[in-house]
Amino acid sequence: MKDDERLREALLELETLRDREAQRLRETRALLAAVEALNTSTDVDEGLEALLASSRASLNCDGVVLFEASGDDLTLRLPASSEPAVWTAPGLLTRSRRIINLQGIQGLWQPPPPALAAWRSLLTVPLIDGETRMVLAAHDVQPGKFTSADAELIGRLATIAGQAILRRSLERRNAFLATVIDRSPTSVTIAEVSDEMPLIYLNDAFVDLSGYTREEMLDRNCRFLTAEAPDAPGRIAIRKAVARRGSGTFVLRNRRKDGTEFWNQLQLFPIENQDGTATHMVATQTDVTDRVRAEEERDEARRRLESALAATSEAFLILGREGHVRFSNDPFQALLDIAWLERNVPVPHTIAARLLDRPLETMPERVIEAFNEPVSHEFTARDGRQFLLRAQPIPDGGAVITASDITRLKVNERALRQRLAAIERSEDGIAIGDAEGRIVDANPSLAALWGIEEGTVALGRKWTSFYEPASIDVTLRDQSQYRSTGALRGEAEIETAAGRRTHEVSLSLVPDVGSILVVRDVTDRLHDQVERDEMRRRLDRGQMQERLHQVSAGLAHDFNNLLSAILGSAALLETTPELSEAGRAALVRIQTAAGRAAELIDGLLDLGSREKSAETIDLKKVLASTVDLARGGAPSSAQLSFVAPKEPLFLQASQTDVLQVAMNLVVNAIDALGGMPGEVRVTLTHPATRDSHQEPTAGKLQAGRTYAAIAIEDTGTGMSAETVARVFEPYFTTKGNTGTGLGLAIVASIVADTGGCIDVDSAVGRGTKITVWWPTDLPVAADGSTERPRSDRTDLPLLILDDAPEVAAALAVVLSEAGFEVAETDDPEFAIETISEDPAGWGCLITDYDMPKLTGGDVVERLSIVAPDLPVIVVSALARRLTDPRLARASNVLQKPVPNDTLISAVREATGGAA
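The following refers to the structure shown. (Residues numbered from 1 in each chain as written. Predicted model: local features only at pLDDT ≥ 70, side-chain atom pairs only at ≥ 80, totals over all residues. Heavy atoms only, no water.)

What follows covers the pairing of strand β25 (residues 678-688). Put simply, side chains in a regular strand alternate between the two faces of the sheet. Inspection of the sheet shows strand β23 (residues 638-643) paired to β25 by 6 bridges, in the parallel sense. Within β25, the position partnered with Gln639 by the bridge is Glu679. Summarising the sheet, β25 and strand β27 (residues 707-714) pair through 7 bridges and their orientation is antiparallel. In the sheet register, Ala688 faces β27, and the bridge partner there is Tyr707. (Pairing = 2+ DSSP bridges. Helix = DSSP H or I, 4+ residues; strand = E, 2+ residues; numbered from the N terminus.)

Right, here's the structure in full:
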């Protein structure tokens, strides 16, 4: 049994070997048949069809075909069929396939076309060589026809078919190239690399170009065609290129067989074998005679152009295709402030970046690439001139760069823009009209003045249609004047949403333009003018009243002092028992006449009284109005300015007083400029603090009050110390016959009456600064009231203070007769010092107000500190006109001459006795 099994295994192995050998024999026969079919065919396509037939016989199938692929579509190419067959089967292009039953496959590709519909079994092998894609396929109607051995066989057959296809592609390509070269209009020659470089090929175009036949040129060196001398640059360059087996392009003159010359462009390049050795040299020749002549003409035109450009003031720069300078004239070199722009020198990146106004880091590696697109921008030279720089690419490479001087144009454009902006933003309404007055254009301000939405609403309308005919000035209606002078100006009224407004209309006739209309709203200006006129009238009236006040006050003071002495003496005579009846009658006449005189003096004071009614005013606004008033009368060389806080400053004061003080000081400051150029500066500061250690030039500040500082500074000639000391004295003037000497005296009087003071800072040659300290609050007593507490001082002596001794003596007699102990003095400082030594030892102080050293207000203020409980009675010829707020602390203020019983009653009331 064991021997039988071994025999059976041996027989099986022998059978397997026999089958394998049979398969190999089959493959060998099939491959040999395929190779024989290809080799015995004169045409590749015919050989391929023979290969397909032998493959069908080897595979014992219905057929073997060759598909050509285009995208995913397979087109049956071999064997040729009268019925076209296209099959979309992308899966057959990716790898070899063995399909048992083609109808049982769904979804991989579309069903075969009708010509292939009977196929069941299929073997495919893709053939890919470069761009050529084909599929070798064996088919049969019987499902499962092909075995794996069949698949292996068709794969080997596909290799042979692929080589045949590649050979076919090469043959077709070579045939195509040969046809192209032979029929090319460009002359082509091939020379064999040797010492003589003989021609081995030339095409028909070269024959036509040279006029020689092929037989006359083959095996010869083509140098026989040249018309150039052996040492010509072109021939030398060709020899060098051939010697190094290199390439190049050369232009030289050649001669045809008939002797005519032409310009030949020769392009030379080598053909190398696999080891890199040049075996042949290929040359193409082109007749470029027309181009060379055109270039010669172009060069001549360029020379003429360059001569013209060199003579022009415009800046020109021409660049070649590689960015080299082809031309630059002197203006361009001056524009860049350089002198190196020479021919064939490349433009550096820094200069190109400057010309193009680009950052250096953004410039391309090749400068000329930055000029591939048109460029236009403005360029400022180092000397400040402005240029419009344009860069335009040249079609055949390179660029033309021009620079035009636009400095004057830019200046004119800037001026025009400024004028247009000024018109558009002007607060005045401006319009352009035709000769008939119809509006052509209008700015926004005019639309606002006329109460329309925009200027276009007014287009085509006459300007007069916006105003009431009756409100237009006669001047504006005078067309004869308009035609003769070309200008009209007047006023017209219009009703707007803001009320009735007055417009100043100016009309001008401009040749070649039309009419120019300028409209300005003067309603507020006219209203302000009325207010200024009223303020000026008040100022003039106040100055007149103040001067009259100065005169009447002086007369009243002196006369009242005399009357006080007369009445006092009459009172003494009245107590004399020895006086006769005739004497008593005369005494009565004296007293009666003195009383009448006092009434006359009282009436004189009424005549010269100022308006002192306090009102709520804005100090800032009053000062601003004062500066405006003064500016109107100031010379053009004087510059007036006013500086104040943003907020208004309201206080209780007489507007006439403030206006009079400020106007006098500002006018004096303008006069101090002497007609020379200078500045007057008015400054308002609040709250302001004054240095208490500095003695004021006029007036005096009151403790516990707040003040505003009004400073008037000028850059005039200044004043000496002697002048400053007397500047507020009545009738003292430095203006000669043009001054009254009362202006600053009035100022000092007003400021002192309000409880303020004046500082003067001046020196010869450095101008003057006058600071007025004006109180901004209403004074009250230290305890918040104006009424003094009473105490019993009936047994204490009285002190009488008056700068006129005779008046003090008269008052002393009256009070002594009434039973009081009386002391007299004409020195205010002595009186204050005496009382301060023993404040409780005095019953009352009777003091005059107008005294040289200290006023009655000063005395009351100082005694309120050293002797706050001491009653003080102020006696003044100007009692009814005193506005000193410090007198609120006095017990009483009496009018000179004081009747005896009035004086006695006031003293008794002040000292605590019966009135």
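This part covers the pattern of salt bridges. Counted according to the given criterion, the structure contains 27 salt bridges. In this structure, Arg291 engages Glu295 in a salt bridge whose closest nitrogen and oxygen atoms are separated by 3.5 Å. Separated by 4 residues within a single helix, Arg291 and Glu295 lie in helix α7 (residues 289-311), roughly one turn from each other. Residue classification places Glu295 among the partly exposed positions, given a relative accessible area of 28%. The salt bridge partner of Asp759 is Arg690, with a shortest N-O separation of 2.7 Å. Taken together, the positions of Asp759 in strand β28 (residues 757-762) and Arg690 in the loop between β25 and β26 (698-699) put the pair 69 residues apart, joining distant regions of the chain. Under the relative-accessibility criterion, Arg690 is labelled buried at 13%. (Salt bridge = Lys/Arg side-chain N within 4 Å of Asp/Glu carboxyl O. Buried < 20%, exposed > 50% of the residue type's maximum accessible area, 1.4 Å probe, protein only.)

When you line up the elements, Val682 lands in strand β25. Each C-alpha atom of the pair Val682 and Leu623 lies 8.3 Å from the other, and the pair is 59 residues apart in sequence. When near neighbours in sequence (up to four residues on either side) are disregarded, Val682 contacts Val627, Ser641, Phe642, Val643, Val666, Ala711 and Ile712. (Contact = heavy atoms within 4.5 Å.)

The next subject is the sheet that holds strand β13 (residues 325-328). Here we have 5 strands laid out as an open sheet, ordered β13-β12-β16-β15-β14, and antiparallel in their pairing. Every other strand in the sheet has two partners, leaving β13 and β14 (375-380) as the edge strands with one partner each. Ignoring which end each strand starts from, the neighbouring axes of this sheet average 15 degrees apart. Pairing of strand β12 (residues 315-319) with β13, which is carried by 3 bridges, proceeds in the antiparallel orientation. Within β13, the position partnered with Leu317 by the bridge is Ser328. (Axes fitted to C-alpha atoms, helices over the stretch in contact; angles between N-to-C directions.)

Our focus in this paragraph is the pairing of strand β10 (residues 261-272). One ladder, built from 8 bridges, connects strand β9 (residues 248-255) with β10; its direction is antiparallel. Note on β10: the bridge partner recorded for Gly248 is Leu268. The antiparallel pairing of β10 with strand β11 (residues 278-287) creates a hairpin that spans 5 residues between the two strands, and Gly276 there sits at a positive phi of about 85 degrees.

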